[in-house]
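Chain and residue survey
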Amino acid sequence: MNIVDVRELTKVYKGSTRRRSVVALDSVTLSVEEGEVFGLLGPNGAGKTTFLKVLLGITQVTSGSVSISGFVPSEPRSRQKVGYLPENHRFPGYLTGLGLLEFTGRLHGMAQSNIDTRADYLLELVGMNRWANTKVKKYSKGMSQRIGLAQALMCDPEILLLDEPTDGVDPVGKIDIRRVLEKARNEGKSIVLNSHLLSEVEAVADRVAILSRGKLIRISTVDALTSRASQFEIEADIGSQVIEVPSEVGKIISISSKGLIVELVEQENINYIIDRLRMKRISIRSVKPMKVSLEQSFIETITASGEGTP
Amino acid sequence: MRGITRDCVVEMFDRKTVYLFVAVVLVSIVISLLSPKPDIEIQMQGNMDMTPMADWLRNPLTKALSVFLSFVLFLAVLATAGLVPNMLVKGRADFFLSKPLSRTALLLHKMLGIWVVYGAMVVLCGIAIYVTMLLRSNFFDWKVFYLFAFNFVSFFIWLSIIVTVGIVSGSGAISIMGAFLAWVAQFILSYHTQIKSFYDSKPVGYIVDTLYYIVPKTGEVSNLANALALGKPVESWMPLYSSLIFAVLFVILALIVFKRKSY
């Protein structure tokens, strides 16, 4: 079942006499399944933050349909079980960390006993119990992100919308946040993760969507996005033998005494390569499809789309 | 509601505006204590008919309290002008609007929270001064509570202006300017009969009259409260009704704009 369902979503920020209109989202159609970790990628100005704000009803839709947790965003019920960590947030600075969590709980209509238990648990989870009674305005960026993540988790959400959750966080903090996200995933929560740190998305996301200038240019599983279906790395004891591949089958990209990398016209041609190696009595240790990093794949996708950075 | 009202109290203490009110009250108490003690005159003539003396005493006490409450009300307007725009600044609006509250409920709860918390502050300041006056004069008249009630209502009228201007402009400074403009307009329009006779023109007369009935009249509401506190008859309740209608319409306008805005 889809927890987020978006059809032909368009958002245009209307211009004025001095400012032209901006198409932030252009006919975007995508869905997020329950329990899925979904990454939103794109260069600056791609429409990622607008997408999250539209899901929450913070930004009004120009056209198209949106549903989250089975409700349209204009219905407050749609946000009952949604946790949101905004980008560049400015939580009320007059509240302490604990006060922020309590206030969040009250806004979600939670009972006081539940608020107390949940706040204690989350402060411990994000490592902020020492700073629970310090005002939010005195927090460092990393501490703000941690308490922000805790407030997003306060209502025990079914879906977490996280906009740059590790922005400004040190490496240890990033690992801690990733740990929290993995825990949330294991609890069956859906997560929509908007991050510039592609390695982070690659580590936790099941599927990703790539947006550029408001358009959805690719949506795929992380595996499909990072694998090179036509390239294979073959570990084999080639030694000094000469291997030739007909051009209609593919070509050798690199070769050494311990193996070779081939690019094939069709995936099935790997059988031809294996047969040729076996005919030469070459021992094959492994055959793996080539993988690239999500970052490289992202750059290639953006470049191929011709959208580039704004 | 509970959460937002509590949030308003926490915010008030953090912004230190509460200390400003306390300082004003303390200064006023000192001034009040240093002023001549009026009840001496009454005790000296205790076997006489006290009614004229009571009226004589009631008038300056009520006027002084009324002026003090107007001043504290002015402070409350300044102190609250930035609260709604501050709630809706980039980065903070996301926090509030992502919660399972309708925008109508959010804004009404916030307004109600500000009204109750800061309105109560205005009334408490007035009570503190009145108690000091009581200690000095031994003169109690329950009618003085009209002043507290009407100032509480006046604060709602001002709040409707600053909230609406704050929602539309997103700026606390412009909210204050809006409230100031409304104050100037009501001051000028309080002379509407003189303005009409000065211009001696029907169209101008219509415009001035229309504006007079539209613009809130907190000055006249204050006069109305003074009359009630002094036990005088009220000539017309129109200033109160029309100001309240204006405030309600302005709140509705604020809600419409707020519901349509993207943050």
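As the structure is a computational prediction, the values presented were derived from the model and not from experiment.

All right, on to the overall build of chain B then. What chain B contains, in helices and strands, is 13 helices and zero strands. The helix and strand sequence of chain B, counted from the amino end, reads α-α-α-α-α-α-α-α-α-α-α-α-α. Projected onto its principal axes, the C-alpha positions of chain B cover 70 × 55 × 25 Å. Buried positions account for 51% of the 263 residues belonging to chain B. Long-range contacts, defined here as pairs at least 24 residues apart, represent 80% of the contacts in chain B between residues at least 6 apart. Accessible surface, chain B: about 12,900 Å² in total, of which carbon and sulfur atoms supply 72%. Measuring between centres, the 21 positive side-chain charges of chain B sit 13 Å from its 13 negative side-chain charges.

Turning our attention to the overall build of chain A. The helix and strand tally for chain A stands at nine helices and 13 strands. Across its three principal axes, chain A shows a C-alpha extent of roughly 75 × 50 × 35 Å. When each of the 310 residues of chain A is scored for burial, the buried share is 50%. Sequence-distant contacts in chain A: of pairs separated by 6 or more residues, those separated by 24 or more amount to 68%. With the model as given, the accessible surface of chain A reaches about 14,400 Å², and the carbon-plus-sulfur share is 49%. Of the side-chain charges in chain A, 40 are positive and 37 negative, and the distance between the mean point of each set is 6 Å.

Here we take up the sheet that holds strand β6 (residues 159-163) of chain A. All names here are of chain A. Spatially, six strands are ordered β5-β6-β7-β3-β8-β9 in an open sheet, and the strand pairing comes out mixed. Of all strands in the sheet, those with a lone pairing partner are β5 (82-85) and β9 (215-221), marking the two edges. Ignoring which end each strand starts from, the neighbouring axes of this sheet average 15° apart. With five bridges connecting them, β6 and strand β7 (residues 190-194) associate as parallel partners. The partner of Leu161 across the bridge, within β7, is Val192.

On the side of chain B, 27 residues touch chain A, which itself brings 31 residues to the contact. Approximately 2,600 Å² of surface area, both sides summed, lies buried where chain A meets chain B, with 54% of it carried by carbon and sulfur atoms. Sorting the residues of chain A by area buried against chain B places A:Arg90, A:Tyr94 and A:Leu107 first, and these three jointly supply 28% of that buried surface. Inspection of the chain A/chain B interface yields three salt bridges. Between A:Lys53 and B:Asp94 there is a salt bridge, and its shortest N-O distance comes to 3.3 Å. Linking chain A with chain B are 19 residue pairs in polar contact (both at pLDDT 80 or more), by the criterion used here.

Now for the sheet that holds strand β4 (residues 63-68) of chain A. All names here are of chain A. Reading across the sheet, the three strands line up as β2-β1-β4 and stay open at both edges, with antiparallel pairing between neighbours. Edge positions in the open sheet fall to β2 (22-33) and β4, since each of these has one partner strand only. Strand after strand, the sheet turns through a mean of 20° between neighbouring axes, direction not considered. Bridge count between strand β1 (residues 2-13) and β2: eight bridges; the pairing is antiparallel. Counted as the bridge partner of Tyr13 is Val22 from β2.

Note that B:Ala149 resides in helix α8 (residues 145-169). Residue B:Ala149 is classed as partly exposed on the basis of its relative accessible area of 39%.

Here the focus is the nonpolar core. By size, the foremost hydrophobic cluster in this structure holds 146 residues, and its most contacted members are A:Phe51, A:Leu55, A:Leu161, B:Leu65, B:Tyr118 and B:Phe155. In terms of residue count, helix α7 (residues 103-137) of chain B provides more of this core than any other element does, 15 residues in total. Grouped together as the second largest cluster of nonpolar side chains are 14 residues, A:Val245, A:Val249, A:Val262 and A:Ile273 included.

Moving on to the environment of B:Ala229. Inspection of the secondary structure assignment puts B:Ala229 in helix α12 (residues 218-229). Of the residues examined, B:Ala229 reaches a relative accessible area of 2% and is grouped as buried.

On to the packing of aromatic side chains, then. Residue and element names in this part refer to chain B. Throughout the structure, instances matching the rule amount to 19 aromatic pairs over all chains. Arranged with centres 6.5 Å apart and planes meeting at 75°, the rings of Tyr130 and Phe148 form a pair that is edge-to-face. On the criterion of sequence distance, the pair formed by Tyr130 in helix α7 and Phe148 in helix α8 is long-range, its members being 18 residues apart. Each member of the pair Tyr130 and Phe148 is classed as buried. Here Trp142 and Tyr146 contribute two aromatic rings whose centre-to-centre distance is 6.1 Å and whose plane-to-plane angle is 45°, an arrangement assigned as tilted. A residue is classified by how much of its surface remains accessible, and Trp142, at 52% relative accessible area, is exposed. For Tyr146, a relative accessible area of 30% corresponds to the partly exposed category.

Low pLDDT means the predicted coordinates in that region are not meant to be read closely. Taken residue by residue, chain A gives an average pLDDT of 90. The fraction at 70 or more is 98%. The secondary structure element of chain A with the lowest average pLDDT is helix α9 (residues 294-305) of chain A, at 82, and the one with the highest is β5(A), at 96.

So, how was this worked out
- Residues numbered from 1 in each chain as written.
- Chains lettered and ligands numbered in written order.
- Predicted model: local features only at pLDDT ≥ 70, side-chain atom pairs only at ≥ 80, totals over all residues.
- Heavy atoms only, no water.
- Helix = DSSP H or I, 4+ residues; strand = E, 2+ residues; numbered from the N terminus.
- Buried < 20%, exposed > 50% of the residue type's maximum accessible area, 1.4 Å probe, protein only.
- Contact = heavy atoms within 4.5 Å.
- Areas by Shrake-Rupley, 256 points an atom, 1.4 Å probe, with all protein chains shown as cover.
- Lys, Arg positive; Asp, Glu negative; His and termini not counted.
- Charge placed at Lys NZ, Arg CZ, Asp CG, Glu CD.
- Pairing = 2+ DSSP bridges.
- Axes fitted to C-alpha atoms, helices over the stretch in contact; angles between N-to-C directions.
- Buried area = accessible area lost by both parts, 1.4 Å probe.
- Salt bridge = Lys/Arg side-chain N within 4 Å of Asp/Glu carboxyl O.
- Polar contact = N/O pair within 3.5 Å; in protein donor to acceptor, adjacent residues only side chain to side chain.
- Core = buried A, V, L, I, M, F, W, Y, C linked by side-chain atoms within 4.5 Å.
- Phe/Tyr/Trp six-rings, centres within 6.5 Å; stacked < 30°, edge-to-face > 60°.
- pLDDT = per-residue confidence, 0-100.

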